[in-house]
Amino acid sequence: YYARRFYAPVLVSPHVDGGTLSIFIVSDKTASIDGTLRLRIMDFSGKIIKETSQAVKIDPLASRVYQQIPLVELSAANAPDWSGLVGVADVTFGGQKVSTNLVYFVPSKQIQLPHASVSTEISQAGNGYDVALSSAGLARSVYVSFGELDAQFSDNYFDLLPGEKQTIHVTSKATLADLKSQLKVMSLVDAFSSTGAEK
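Since this is a predicted model, take the numbers as computed values, not measurements.

Caption draft 1: Inspection of the pairing of strand S13 (residues 166-171) at higher detail. Pairing geometry for strand S9 (residues 128-135) and S13, over five bridges, is antiparallel. Within S13, the residue paired with Leu133 across the bridge is Gln166. Both strand S11 (residues 152-153) and S13 contribute to a ladder of two bridges, which runs antiparallel. Considered in S13, the bridge of Gln152 is made with Thr171.

Caption draft 2: Quick look at the sheet that holds strand S4 (residues 48-58). Judged by pairing direction, the sheet is antiparallel, and its four strands sit side by side in the order S4-S3-S6-S7 without closing on themselves. Looking along the sheet, the strands with just one partner apiece sit at the ends: S4 and strand S7 (96-104). Strand after strand, the sheet turns through a mean of 15 degrees between neighbouring axes, direction not considered. Where strand S6 (residues 85-93) lies against S7, eight bridges are found, and the strand directions are antiparallel. Counted as the bridge partner of Gly87 is Val103 from S7.

Basis of the calculations
Residues numbered from 1 in each chain as written. Predicted model: local features only at pLDDT ≥ 70, side-chain atom pairs only at ≥ 80, totals over all residues. Heavy atoms only, no water. Pairing = 2+ DSSP bridges. Helix = DSSP H or I, 4+ residues; strand = E, 2+ residues; numbered from the N terminus. Axes fitted to C-alpha atoms, helices over the stretch in contact; angles between N-to-C directions.

Interpretation in functional terms is not warranted from these geometric data alone.
Here it is in structure tokens:
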């Protein structure tokens, strides 16, 4: 799942270096694309600290920086707690979001991820089932499984942003009732919890 996202034809990639946030866009397309680059700085509960949006012409077969912002310009406070903030960059064109990536402002060991309670809804859809997931707080590296049941996922191990529903498609010969009974959802913070928080 990570490889598929990384090798997508268009990839947005935010990086922090030397107190500056740089947002790269990589395109494997053979023609230029007119799109929109959006950046949101938010806390783990979804409160927006700063938001920017700009039209971009994405160069074909290239990787380059489309936005650079000193971190001091991104915060509403003079001394923000960067360990509790995340940057979300996304690119859209034709009204469709084609790439999203997150960036954290401190080393992983300093990030204080909150426990995230992920809500799920499963419904039959086409040749399989749709699983809609949402969380009031940031849920990093969400993993969905159905125990020993055979199931193929359209996506997995993804970051679930606060208040934003994400739907994945599941193909399985199991019944809806079986899938509901075996459903487990875990995020990164649960994996390091002493008690676990599987749902």
